[in-house]
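Observations on the model geometry
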Amino acid sequence: MSKTNNFVFWGLYIVAWLIFVGLCIEAGGLIVNFFFSLYKPELIQNLYQKLDLTEMYNNSKLVFFSVYGFILTISILKACLFYTVIRLMHTMDLSRPFSTFVAKQISKISYYTLLVGLLSCIAKELVENLVHYGFVIDHLNEFWSDSQAFILMGAVIYIIATIFKKGVDIQNENDLTV
């Protein structure tokens, strides 16, 4: 592998770590925000993202927990997605990329990506229907605005995972013949 490719790979590895750390901070901040909204709602304005759903909590606890459940699940799944990417990049042998581990990790990445997209799409539809019941949801769209992109990306990654699985089978078959 050339030095340029190695440099690009390590650059992407660093970017993946930065994204992972950012997503962990976001998920942690949202979890803290959730607990403060249950026990000390007056402090929410001082917290990360200032996600204040107290009015929703007062109107309907079921809606509050459902919406917050979607928000927390999606943010945690995004962090898990990038953890899987980092694990893949850290242990992958670029001189022999078609391995069972790589194929499994790419499959996992596709499943996480599809799950984030589908949950975001469901949450988006659910929250849009809450407007009819008088809930204010203007500040919630940022949490699932990219649902279609995640679904499309998950489908593409799934196709790549399938190709990698076939590559592993062919490589194992060639190794047995030689």
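Along each chain, the written sequence defines residue order, and numbers are assigned to residues from 1. Thresholds applied to this predicted model are a pLDDT of at least 70 for local features of residues and 80 or more for the giving and counting of side-chain atom pairs; totals over whole chains, interfaces and linings are not thresholded and use all residues. Values shown for side chains rest on all heavy atoms present in the structure; no hydrogens or waters enter the calculation.

1. Some words on the environment of Gly-28
Positionally, Gly-28 belongs in helix α1 (residues 3-39). Type-normalised accessible area, obtained with a 1.4 Å probe on protein chains alone, sets the label of each residue: buried when under 20%, exposed when over 50%, and partly exposed for intermediate values. Exposure remark for Gly-28: the relative accessible area of 30% places this residue in the partly exposed category. When the C-alpha positions of Gly-28 and Tyr-48 are compared, they lie 9.5 Å apart, and in sequence the two are 20 residues distant. Counting from the N terminus, the helices are the DSSP runs of H or I reaching at least four residues and the strands are the DSSP runs of E reaching at least two.

2. Overview of the UniProt feature "transmembrane region" (unreviewed entry) in the protein chain
UniProt positions are given in the numbering used here, feature names are shortened, and annotations may be inferred rather than shown by experiment. Here, the residues flagged by UniProt with the feature "transmembrane region" (unreviewed entry) are residues 7-36, 62-88, 109-127 and 147-164. Note that residues 7-36 is 100% helix and 0% strand, and that its end C-alpha atoms are spaced 43 Å apart. Here residues 109-127 runs as 100% helix and 0% strand, with 27 Å between its end C-alpha atoms.

3. Some remarks on the packing of helix α4 (residues 100-130) against helix α5 (residues 147-177)
Simply put, an axis is a line fit to the C-alpha atoms, just over the touching stretch for a helix, and the angle between two N-to-C directions goes from 0 to 180 degrees. Direction vectors running N to C along α4 and α5 enclose 160 degrees, while the axes themselves pass 8 Å from each other. Classed by the angle they form, the pair α4 and α5 counts as roughly antiparallel. Read as a crossing pair, α4 and α5 show a hand that is left-handed. Think of it as three bins: nonpolar holds Ala, Val, Leu, Ile, Met, Phe, Trp, Tyr, Cys and Pro, charged holds Asp, Glu, Lys and Arg, and polar takes everything else, Gly as well. Among the residues forming the contact of α4 with α5, the class breakdown is 19 nonpolar, eight polar and two charged. The cut-offs work like this: below 35 degrees is roughly parallel, past 145 is roughly antiparallel, 65 to 115 is roughly perpendicular, and the gaps in between are oblique. Crossing handedness is defined as follows: a turn of the near helix away from the far one that is anticlockwise and smaller than a right angle gives a left-handed crossing, while the clockwise case is right-handed.

4. Description of a nonpolar patch on the surface
Residues forming no salt bridge and having over 30% relative accessible area are the ones grouped into patches, like charges within 9 Å of each other and nonpolar side chains (Val, Leu, Ile, Met, Phe, Trp, Tyr) within 5 Å. Only the protein chains shown count as covering a residue, and every accessible area follows the Shrake-Rupley method with a 1.4 Å probe. Throughout this description, the term salt bridge denotes a Lys or Arg side-chain nitrogen within 4 Å of a carboxyl oxygen of Asp or Glu. Together, Ile-31, Phe-35, Tyr-39 and Ile-76 make up an exposed nonpolar region whose accessible area comes to about 400 Å². Looking at the nonpolar patch, the element that brings in the most residues is α1, giving three residues. Considering the arrangement of structural elements, one finds Ile-76 in helix α3 (residues 61-91).

5. Side note on the packing of α3 against α4
Contact geometry for α3 and α4: axes closest at 9 Å, N-to-C directions at 160 degrees. Here α4 runs roughly antiparallel to α3, going by the angle between their axes. As α3 packs across α4, the resulting crossing turns out to be left-handed. Broken down by class, the residue content of the contact of α3 with α4 amounts to 22 nonpolar, six polar and three charged.

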